[in-house]
Amino acid sequence: MAITHVRVLLLCRLSDTLLQDDKVSATAVLVFILSPASIHHCMAYTEALFTAASWLGLYCLYCRGSSSTAALAFAVSSATRSNGARAASYIVLRVVARG
């Protein structure tokens, strides 16, 4: 259950930083919490850990600027679910964007 709270806090911080609009950020968090798919986040299933690790990686990459910590978080998300391997594209995109 604690991982659920961590995910919501990560989403709050990430959306506040990237969206820079409190109303839109709060709406994004509410949509996530109230989504019918959120039932998977409450069960003993890998979805909660996958989401937390993915959002931690995004937070580290875009809010803290730490590619190495983001890579570690994305590795955890990849170990949790196979589609976590796509998260490496965020690091590649960040490197390409920096030029």
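A brief look at the structure comes next. Predicted, not measured: the structure shown is a model, and the values here were computed from it.

**Comments concerning the overall build of the protein**
Part 1 of the reasoning: Per the secondary structure count, the protein includes five helices and zero strands.
Part 2 of the reasoning: Helices and strands in the protein line up, N terminus first, as α-α-α-α-α.
Part 3 of the reasoning: What you see for the protein is a C-alpha radius of gyration of 14 Å, in line with the 13 Å of a compact globule of 99 residues.
Part 4 of the reasoning: Here the protein holds 99 residues, and the buried ones make up 33% of them.
Part 5 of the reasoning: Counting contacts in the protein only where the partners sit at least 6 residues apart, residues at least 24 apart contribute 49% of the total.
Part 6 of the reasoning: Charge centroids of the protein, computed over 8 positive and 4 negative side chains, lie 9 Å from each other.

**Some words on the nonpolar core**
Part 1 of the reasoning: Residues Leu 11, Leu 14, Trp 55, Leu 58, Leu 61, Ala 70 and Phe 74 are the most contacted members of the largest nonpolar core, which totals 15 residues.
Part 2 of the reasoning: The contacts of Ala 70, once residues within four sequence positions are left out, are Gly 57, Cys 60, Leu 61 and Ile 91.

**Quick notes on unusual backbone geometry**
Part 1 of the reasoning: For Gln 20, which is not glycine, the phi dihedral falls at a positive 55°.
Part 2 of the reasoning: Mapped onto the elements of the fold, Gln 20 is located in the loop between α1 (2-19) and α2 (22-34).

**Concerning a nonpolar patch on the surface**
Part 1 of the reasoning: Taken together, Ile 3, Leu 49 and Val 76 make up a surface patch of nonpolar side chains, about 210 Å² in accessible area.
Part 2 of the reasoning: Within the fold, Ile 3 resides in helix α1.
Part 3 of the reasoning: The class for Ile 3 is partly exposed, based on a relative accessible area of 32%.

How each quantity is defined
Residues numbered from 1 in each chain as written. Predicted model: local features only at pLDDT ≥ 70, side-chain atom pairs only at ≥ 80, totals over all residues. Heavy atoms only, no water. Helix = DSSP H or I, 4+ residues; strand = E, 2+ residues; numbered from the N terminus. Rg over C-alpha atoms; globule rule 2.2 N^0.38 Å. Buried < 20%, exposed > 50% of the residue type's maximum accessible area, 1.4 Å probe, protein only. Contact = heavy atoms within 4.5 Å. Lys, Arg positive; Asp, Glu negative; His and termini not counted. Charge placed at Lys NZ, Arg CZ, Asp CG, Glu CD. Core = buried A, V, L, I, M, F, W, Y, C linked by side-chain atoms within 4.5 Å. Patch = residues over 30% accessible without salt bridge, like charges linked within 9 Å, V, L, I, M, F, W, Y side chains within 5 Å. Areas by Shrake-Rupley, 256 points an atom, 1.4 Å probe, with all protein chains shown as cover. Salt bridge = Lys/Arg side-chain N within 4 Å of Asp/Glu carboxyl O.

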